[in-house]
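Inside the fold
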Amino acid sequence: MSETGTSKFSANILCVATDNDLPESEMIVALHQLGLKIVVVIDPSSNFIAKYREAGIPVCPLKIGSRIDIHAIKRLRALLVQNGTQIAHCFSKRALSNFLIASIGLGVKSIGYRGIGGNLSFFDPGSWLTFLNPSLDSIVCVCRSIEEYLSTYPNLKRKVQTIHKGHDLSWYDPRRLIERSELGIEKNNFLVS
């Protein structure tokens, strides 16, 4: 924060996810606390909605049912226009494909998140809806091997970068035992870890 109490950052960011994990949710809250204007679009069943709202982050619950979901595309486009969104960070393939369609002609910068290697092909139309889409501006990879894999595609080489997920050990209590029922596992099921 500057001496006047305002943030040195200024951006309207839309975070679009089918759901987040703990490090992603912590990153979103931390960026909001730095003064970035963030709106989160997330599945209504997400466990993180209350956390975002408690942090003062506007939340738009939205079920994105498929890679091309007309209802989701219309809602995303309305949000992009209404909020003057400058950047969108999409945390899943369904979020990314629907956002890229919704943002056509709006000039919103797009960031996709990639947590796995493989499963892309020049011959797969689904790949062109997401990570091979020419309008995608940047891809954040969870590890170097994924960045290396994506860099084998000439049109992605300049777009990829690795940003490791941050974990705070205080989030986890190694002494806490998890009951099988919390994970939906029957008492007599055989477990391998």
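Calculation criteria
Residues numbered from 1 in each chain as written. Predicted model: local features only at pLDDT ≥ 70, side-chain atom pairs only at ≥ 80, totals over all residues. Heavy atoms only, no water. Helix = DSSP H or I, 4+ residues; strand = E, 2+ residues; numbered from the N terminus. Contact = heavy atoms within 4.5 Å. Areas by Shrake-Rupley, 256 points an atom, 1.4 Å probe, with all protein chains shown as cover. Buried < 20%, exposed > 50% of the residue type's maximum accessible area, 1.4 Å probe, protein only. Pairing = 2+ DSSP bridges. Axes fitted to C-alpha atoms, helices over the stretch in contact; angles between N-to-C directions. Phe/Tyr/Trp six-rings, centres within 6.5 Å; stacked < 30°, edge-to-face > 60°. Parallel < 35°, antiparallel > 145°, perpendicular 65-115°, else oblique. Left-handed = near helix turned anticlockwise from the far one by under 90°. Nonpolar A, V, L, I, M, F, W, Y, C, P; charged D, E, K, R; others polar.

**Focus: the overall build of the protein**
Across its full length, the protein carries six helices and seven strands. In sequence order, the protein lays out its α and β elements as β-α-β-α-β-α-β-α-β-α-β-α-β. Referenced to the eigenvectors of the C-alpha coordinate spread, the extents of the protein come out at roughly 55 × 50 × 35 Å. Residue pairs in contact within the protein that sit at least 24 positions apart in sequence constitute 56% of those at least 6 positions apart. Carbon and sulfur atoms make up 56% of the accessible area of the protein, which totals about 11,400 Å².

**Digging into unusual backbone geometry**
Phi is positive for Asn119, close to 65°, though the residue is something other than glycine. Along the chain, Asn119 turns up in the loop between strand 5 (109-114) and helix 5 (125-129). Look at Asn119 and you get exposed, because its relative accessible area is 59%.

**Quick word on the sheet that holds strand 6 (residues 138-141)**
Taken in spatial order, the seven strands make up an open sheet running 3-2-1-4-5-6-7, and their pairing is parallel. Looking at strand neighbours, the two that pair on one side only are strand 3 (59-61) and strand 7 (160-162), the edges of this open sheet. On average, each strand axis in the sheet is tilted by 20° relative to the strand beside it, whichever way the strands run. Across the sheet, helix 1 (residues 22-33) lies against strand 1 (12-17), strand 2 (37-42), strand 4 (87-90) and strand 5, angled at about 150° from strand 2, the strand it touches most. Helix 3 (residues 70-83) rests against strand 1, strand 2 and strand 3 of the sheet, and its axis sits at about 165° to strand 1.

**Details of the packing of aromatic side chains**
Throughout the structure, instances matching the rule amount to six aromatic pairs. Relative to Tyr52, the ring of Phe48 has its centre 6.5 Å away and its plane inclined at 40°; by these criteria the two rings are tilted. Taking the relative accessible area as the measure of exposure, Phe48 reaches 16% and is therefore buried. Overall, the relative accessible area of 0% leaves Tyr52 in the buried class. Members of the aromatic cluster, joined through ring pairs, are Phe122, Trp128, Tyr149 and Tyr153.

**A word on the packing of helix 3 against helix 4 (residues 93-102)**
Think of two packed helices as two axes; the pair is described by the angle between the axes and how far apart they sit. Where helix 3 meets helix 4, the closest approach of the two axes is 8 Å, and the angle between their N-to-C directions is 60°. Relative to helix 4, the element helix 3 lies oblique. Here helix 3 and helix 4 pass one another in a crossing that is right-handed. Contact with helix 3, carried on its side by Ala72, Ile73, Leu76, Arg77 and Leu80, involves Asn98, Phe99, Ile101 and Ala102 of helix 4 and no other residues of that element. Split by residue class, the contact of helix 3 with helix 4 holds seven nonpolar, one polar and one charged.

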